[in-house]
Amino acid sequence: MSRRMRRRLAVAGAAAVAAAAVTLTTNLAVADVPPATGQQVVTATIEVSGTFDGRNMRFIGGGELGDGGQSEDQDPLFRLAGGATLTNVILGSPGADGVHCGGSCTLRNVFWEDVGEDAATFRGTNATVVVDGGGSADASDKVFQDNRGTGGSVTIRNFEADGFGTFYRSCGNCSTQAARSVTLSGIVASGGRVLVGINVNLGDTARLSDISAGGAGICDLFNGNDTGDEPEKIGEGPNTTNCVLS
């Protein structure tokens, strides 16, 4: 287990976070990885429809899911069908490509002890995604990757992230693009680079409240494309239109 995920982040009073004008508030949730009730090696993706309650079991990649690499074409440990819920699950190391949602999904009290390629990837059209509780550590790239088509929304609340490149990224170069919306609240971050990456030319929006950024930037603003080219970064920081901080 990552040593950093064992630490409890205490939030008390209000304090300024440099360069972002974000304050710490007393109502932020604090996520600790619960003690694992057991461990299961996953050699083939677990397909989930309905509700999967892991009862705080730790799941780690094995076989083709166990190389611990950062390949963009890895399979996940869990693949959720539209409408599925994953709850009370610990993803250990190696974590492969974490969790894939094929449509609307709920991730409740899911913990990533050492993020593989990404913690979770969202797909589908008119997909409503809710991440409630949980935490992640050591995401060398992204925590949440949003590849959804048109419609729906992503809500991430009461989550702790320790070590990441980008906490949430709306896909900047998917072959099918759409305006995507995300709401972040009750987020405690440390050791991160930036919380949100969105595509302003495509109409993406991000709304953030009750955030402890831990020194991370708030938003990176891009011009997204559907050609597969690296998206152009055109700015950063909150504004009144695409990246709204309250």
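Just so it is clear, the structure is predicted and the values come from calculations on it, not from any experiment.

**Section: the packing of aromatic side chains**
Evaluation of the coordinates by the stated rule reveals 10 aromatic pairs. When the ring of Phe164 is compared with that of Phe167, the centres are 6.0 Å apart and the planes differ by 65°; the resulting orientation is edge-to-face. One aromatic cluster is present, formed by Trp112, Phe122, Phe144, Phe159, Phe164 and Phe167 through successive ring pairs. Above the ring of Phe222, the side-chain terminus of Arg169 is found at 4.0 Å from the ring centroid.

**Considerations on the environment of Thr150**
Along the chain, Thr150 turns up in the loop between β12 (135–146) and β13 (152–170). The sequence separation of Thr150 and Ser181 amounts to 31 residues, and the corresponding C-alpha distance is 10.0 Å. Beyond its immediate chain neighbours, meaning those up to four positions away, Thr150 contacts Thr125, Asn126 and Ala178.

**With respect to the state of the cysteines**
Cysteine pairs can be linked by a disulfide, which is a covalent bond between their two sulfur atoms. Under the counting rule described, the total for this entry stands at 3 disulfides. One disulfide bridge connects Cys171 with Cys174, the sulfur atoms lying 2.1 Å from each other. Classification of the bridge connecting Cys171 and Cys174 rests on its S-S torsion, roughly 110°, and on that basis the disulfide is right-handed. Here Cys219 engages in a disulfide with Cys243; their sulfurs sit 1.9 Å apart. Judged by the sign of its S-S torsion, about 80°, the bond between Cys219 and Cys243 is right-handed. Taken together, the residues Cys219 in strand β16 (residues 217–223) and Cys243 in strand β18 (residues 243–245) connect sequence positions 24 residues apart. No difference in accessibility class separates Cys219 from Cys243, as the two residues are buried. Look at the chain and number its bonded cysteines as they come in the sequence; the links are 1-2, 3-4, 5-6.

**Considering the pairing of strand β15 (residues 205–212)**
Where strand β14 (residues 181–199) meets β15, 7 bridges bridge the pair, whose relative direction is parallel. Opposite Thr183, over in β15, you have Arg207 as the bridge partner. In this sheet, β18 lies alongside β15 in parallel orientation, the contact comprising 3 bridges. The residue bridging Leu208 from the neighbouring strand is Leu245, located in β18.

Conventions used here
Residues numbered from 1 in each chain as written. Predicted model: local features only at pLDDT ≥ 70, side-chain atom pairs only at ≥ 80, totals over all residues. Heavy atoms only, no water. Phe/Tyr/Trp six-rings, centres within 6.5 Å; stacked < 30°, edge-to-face > 60°. Lys NZ or Arg CZ within 6 Å of the ring centre and 35° of its normal. Helix = DSSP H or I, 4+ residues; strand = E, 2+ residues; numbered from the N terminus. Contact = heavy atoms within 4.5 Å. Disulfide = S-S within 2.5 Å. Buried < 20%, exposed > 50% of the residue type's maximum accessible area, 1.4 Å probe, protein only. Pairing = 2+ DSSP bridges.

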